[in-house]
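Residue-level structure breakdown
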Amino acid sequence: MKAMKEETTEIKQTNDDKELICSLCKRCDNIPEKYGEKVTLQQHNLTVHYFCLLMSSGICQRGEEDEDVHGFLVDDIKKEVRRSSRLRCMHCKKVGASVGCSIKSCRQMVHMPCGLEQEFIFQFTDLFPSFCKKHAPSQSCVSSPSLPLSCSVCLEPIEPVLSYNVLKCPACHGSWFHRDCVQHFAHSAAMFFFKCTLCNNKDQFQQEMLRMGIYIPERDASWELEENAYGELLQVYQHCDVEKCRSHKGRKHSSQSGLFEIVRCKMCGSRGTHRKCSNLRLYESDWICADCKAVEENKSVQLPNHVESPLAIRQERKRLFRSISDLHPSLVTKRQCVPATSPEVLMDLACQISTQQSTEVLVEDDDGVMEAALQVLRQSDFNPCCALSVKFSKDKLNNNIRNQRRFLRRLVSKLEMSEIFEGPDGAKNLALNSKALRDDLYFEVGSLLALSLIHGGPPVGFFSPALYNSLFNYPTNYRPTLEDLGDTAFGNKIKQIAEANSMKELRRAMRSASQYLEAAGCWRNISKLSEKDMLVEDVLNFYLIIRLQLPLQRFREGLRTLGLFEQVQMCTEAFYSVFCGPERLTAESVMVLFTARFSEEKGQQAKENTTMSYWKQYLHECDEGRCAASLEDILTFATATDLVPSIGFKPTPSISFFSSPEPSCAFPQSQCDANHLILPIIPSYELFKKNLDYTVCQFSIMQDI
């Protein structure tokens with residue numbers, strides 16, 4: 001197979017490279033993305049384009065990759081030059097045509113650059129075949145595109161008609177490209193960063209582009225190879241820009257915290273202020289500079305009925321694109337490649353886990369799950385990248401997949417009830433616990449939650465919105481509420497302050513909560529009833545945010561295990577339901593979860609379709625509470641867990657069918673390791689429901705023993 005490396009240590013190039021003529025195509029052009037690297041061997045008086053070598057029909061790579069021209073031996077190259085000197089190009093009519101169509105019956109011969117002009121497709125994979133315009137592969141359009149469209153790289157208008165010069169993404173069918181644009185993009189992004197600019201699909205997109213003749217270099221992206229390319233990103237703006245600065249140490253002074261810490265504009269980040277200079281509270285970090293505020297106010301007075309034309313929108317996008325490329329060319333093609341859903345993110349993180357090494361977790365029973373997890377985590381040689389091998393001492397079967405799901409499910413439940421959390425079920429906040437701080441339990445719990453999610457555990461599901469906001473700043477404009485305090489003595493006292501309807505009631509409520517107000521530094525004289533709202537806000541910020549800074553810091557550090565925290569920060573909206581209450585199971589969600597495997601025989605298919613209709617009816621009755629089993633019981637029977645793992649099931653849950661000579665004794669079966677459910681083919685729904693109820697309930701009873 002011909003290699004596609006772009007580096008060599010034994011190849012020397014001259015300064016007048018542009019004047020040297022390729023021995024195969026007889027052109028002096030030096031355009032790497034079109035013709036490949038132009039290589040000159042001075043001692044042999046030989047110059048060739050790399051792509052001309054790759055696509056030549058009569059040469060193969062017989063040397064090592066660092067020998068001569070990337071493994072193409074000099075003698076072989078000279079033989080190919082002599083062979084092609086007898087062949088005439090069908091485009092320019094000159095001799096030296098070394099590239100032929102890979103279809104045996106086709107006699108089209110061209111120089112490699114002439115082939116590009118004749119719409120040849122050169123596939124840079126496998127045996128590096130070439131196809132003439134008549135035999136070239138093509139794309140198909142499965143849906144009519146929405147107009148108007150623009151190229152997803154250059155943003156210029158594009159006619160959505162598939163051709164040699166117009167390509168589209170095979171995954172989302174929404175990204176369209178000029179061939180030259182996507183080739184420039186591929187040459188810059190290379191194999192590790194070349195993805196669809198709209199849907200971020202990588203594997204399917206790259207395979208399709210290779211099929212359509214796009215060359216993808218096997219190297220890192222061009223912007224990653226520039227020395228100190230991102231040095232300016234390490235600089236943080238540190239200057240107070242308000243009209244009157246109150247700092248005695250000057251506008252450039254910034255303390256680590258306090259009133260003279262510089263806060264940057266949350267919109268542009270290029271203006272700053274000391275907290276004291278703009279009267280910001282210690283916990284406030286949202287500040288907008290005068291320039292951004294003026295822009296924001298202008299937006300707010302814009303006429304609501306004004307709609308820009310598509311042409312104006314395209315022109316504005318083009319202007320912005322050019323201004324960005326002027327600032328830094330690498331930003332044109334480098335896009336943030338973040339998966340859109342939480343399962344995709346977790347699947348990427350799970351690639352770090354090695355199946356070759358495992359960490360053994362010995363558990364006495366369900367009550368000892370958290371102790372067993374902490375014991376493993378505290379081992380000096382613990383490696384989070386090792387797979388888990390869970391064993392319950394009272395479980396004779398010791399099925400690892402079932403044990404792991406059971407372990408992670410119980411672990412999340414135990415963590416929710418640990419002493420570092422407080423508040424109502426399903427909406428927990430961090431509690432301030434000095435012993436937990438001393439034992440570093442906040443870090444350990446955060447680490448265990450990260451490990452659980454990446455190793456296939458259930459959604460966390462018990463964070464309050466206030467806790468999620470404190471960790472990940474989402475939603476961005478969230479403010480703590482009384483509901484975040486839960487039904488506690490402290491929460492009830494603060495609610496009395498908020499619900500006071502007169503100054504007399506307010507003073508009485510404040511005296512009742514004086515102990516808490518003094519601890520929060522919020523004990524003060526109130527002269528107006530309207531001031532109670534600010535008082536309540538200050539108390540909530542202190543108890544839910546300010547006093548928990550150290551626990552929050554250690555908890556964040558724990559969540560950084562295997563890189564989870566950083567990924568959640570980039571996909572905060574996608575992970576909100578993972579941490580703050582997953583959607584409950586419904587009949588529809590369980591139906592979508594399972595894929596049916598039908599027989600090929602039509603007569604058997606009809607019976608299986610009837611069984612699937614029974615299955616659908618049974619799920620709806622379970623959802624409505626009209627069956628002995630619940631949807632969670634059914635999911636546990638089929639997959640050994642009552643919640644869908646945040647990372648998703650692997651393999652995908654499936655259903656197959658079996659027939660029995662005695663329907664009354666035909667009970668469903670499950671293979672939890674494979675997430676597989678086997679349903680009996682039974683003539684009536686009543687018997688189907690009876691047998692399924694009995695089997696699932698018996699399984700649930702055995703699980704509880």
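Higher on the page you've got the structure.
Each chain has its residues counted from 1, following the order in which its sequence is written. Since the coordinates come from a predicted model, pLDDT governs what is reported: local features require at least 70, and pairs of side-chain atoms require 80 or more to be given and counted, while whole-chain, interface and lining totals use all residues. Excluding hydrogens and water, the side-chain figures rest on all heavy atoms present in the structure.

**Here we look at helix α5 (residues 179-193)**
Convention followed: Put simply, DSSP marks the helices as runs of H or I at least four residues long and the strands as runs of E at least two long, and each gets a number from the N terminus on. Expected helix span is computed as 1.5 Å times (number of residues minus one). One fitted axis covers the seven residues ending at a residue, a second covers the seven starting there, and the bend at that residue is the angle between these axes. Throughout, exposure labels follow a simple rule: accessible area from a 1.4 Å probe, protein chains only, divided by the maximum for the residue type, with under 20% read as buried, over 50% as exposed, and the rest as partly exposed. The contact definition used throughout considers only heavy atoms, calling two residues in contact when any of these lie within 4.5 Å.
If you check α5, its first and last C-alpha atoms are just 18 Å apart, much less than what 15 residues at 1.5 Å a residue would give, namely 21 Å. For α5, the principal kink sits at His187 and spans about 60 degrees. Every buried residue belonging to α5 is among Arg179, Cys181, Val182, Gln183, Phe185, Ala186, His187, Ser188, Ala189 and Ala190, and all of these are buried. Next to the buried residues of α5 lie α1 (32-35), β5 (121-122), β7 (166-168), β8 (176-178), α6 (203-211) and α7 (222-225).

**Re helix α10 (residues 342-350)**
What counts is decided by this rule: Relevant arc is that of directions from the helix axis to the C-beta atoms, nothing else.
Those residues of α10 lying buried are Ser342, Val345, Leu346, Leu349 and Ala350. The arc that holds every buried residue of α10, seen down its axis, measures 135 degrees, which confines them to one face. Buried residues along α10 sit in contact with α14 (441-454), α21 (564-570) and α22 (572-579).

**Digging into a positive patch on the surface**
Note the threshold: Patch construction takes residues with relative accessible area above 30% that form no salt bridge. Like charges are linked within 9 Å, and nonpolar side chains (Val, Leu, Ile, Met, Phe, Trp, Tyr) are linked within 5 Å. Residue-level accessible areas treat just the shown protein chains as cover; the underlying method is Shrake-Rupley with a 1.4 Å probe. A side-chain nitrogen of Lys or Arg and a carboxyl oxygen of Asp or Glu constitute a salt bridge if their distance falls within 4 Å. Charge convention: Lys and Arg are scored as positive, Asp and Glu as negative, and His as well as the terminal groups of each chain are ignored. Taken as the charge location is NZ of Lys, CZ of Arg, CG of Asp or CD of Glu.
The grouping of Lys78, Lys79, Arg82 and Arg86 at the surface amounts to a positive patch. By the element assignment, Lys79 lies in helix α3 (residues 74-84).

**Brief notes about the pattern of salt bridges**
Should the charged atoms of two oppositely charged side chains come close, the side chains can pair. Enumeration according to the criterion identifies 24 salt bridges in this entry. The partner of Lys414 in a salt bridge is Asp367, with the nearest N and O atoms 3.5 Å apart. Of this pair, Lys414 sits in helix α12 (residues 400-416) while Asp367 is found in the loop between β11 (354-363) and α11 (369-377), placing the two residues 47 residues apart along the sequence. Taken together, the shared-partner salt bridges connect Arg281, Arg524 and Asp538 into one network.

**Thoughts on the packing of aromatic side chains**
Quick note on the threshold: Pairs were defined over the aromatic rings of Phe, Tyr and Trp, the Trp ring being its six-membered one, requiring ring centres within 6.5 Å. Orientation was assigned from the angle between planes: stacked under 30 degrees, edge-to-face over 60, tilted for the rest. Remark: a charge is flagged as sitting over a ring if the NZ atom of Lys or the CZ atom of Arg is within 6 Å of the ring centre and within 35 degrees of the ring normal.
Under the counting rule described, the total for this entry stands at 33 aromatic pairs. An angle of 85 degrees between the planes, with centres 5.3 Å apart, marks the rings of Phe542 and Tyr543 as edge-to-face. The buried category is assigned to Tyr543, whose relative accessible area is 10%. Through a chain of ring-to-ring contacts, the aromatic side chains of Phe421, Phe462, Phe463, Tyr468, Phe472, Tyr474, Phe555, Phe565, Phe575, Tyr576 and Phe579 assemble into a single cluster. Here the guanidinium or amino end of Arg179 rests over the ring plane of Tyr164, the centre of that ring lying 4.1 Å away. The aromatic ring of Phe392 is capped on one face by Arg406, whose charged end is 3.9 Å from the ring centroid.

**Description of the side chain of Thr561**
What counts, and what does not: Any N or O atom pair separated by 3.5 Å or less is treated as a polar contact, with the protein-specific requirement of one donor-capable and one acceptor-capable atom, and with residues adjacent in sequence counted only for side-chain atom pairs.
By secondary structure assignment, the location of Thr561 is in the loop between α20 (549-559) and α21. Under the relative-accessibility criterion, Thr561 is labelled buried at 12%. Polar side-chain contacts of Thr561 include one of 2.7 Å to the backbone oxygen of Gly558. In this structure Thr561 touches Pro384, Ser447, Ala450, Leu451 and Ile454, once residues within four positions along its chain are discounted.

**Examining the sheet that holds strand β15 (residues 595-596)**
Quick note on the threshold: Two strands pair under a simple rule: DSSP has to find at least two bridges between them.
As summarised here, the arrangement of the 4 strands in space is β15-β16-β18-β17, forming an open sheet in which the pairing is mixed. Each edge of the open sheet carries a strand with a single partner, namely β15 and β17 (669-671). As paired elements, β17 and strand β18 (residues 676-680) share 3 bridges and run antiparallel to each other. When the sheet's bridge partners are listed, Ser670 is paired in β18 with Leu677.

**Overview of the pairing of strand β16 (residues 654-658)**
If a strand is regular, its side chains alternate between the two faces of the sheet. The buried fraction of β16 is high, at 5 of 5 residues. Pairing of β15 with β16, which is carried by 2 bridges, proceeds in the parallel orientation. Across the sheet, Ala596 pairs through a bridge with Ile655, a residue of β16.

**What to know about the nonpolar core**
Just so we agree on the cut-off: We call a set of buried residues a nonpolar core when its members are Ala, Val, Leu, Ile, Met, Phe, Trp, Tyr or Cys and they connect through side-chain atoms within 4.5 Å of each other.
Residues Phe407, Phe463, Phe555, Leu564, Phe575 and Phe579 are the most contacted members of the largest nonpolar core, which totals 58 residues. No other element matches α14, which puts 9 residues into this core. Those residues within four positions of Leu564 in sequence are excluded, and the remaining contacts are Leu346, Leu349, Ala450, Leu453, Ile454, Leu559, Phe575 and Phe579. Of all hydrophobic cores here, the second largest spans 35 residues; its members include Leu53, Ala97, Val99 and Cys101.

The quantities given are spatial measurements derived from coordinates; they are silent on function.
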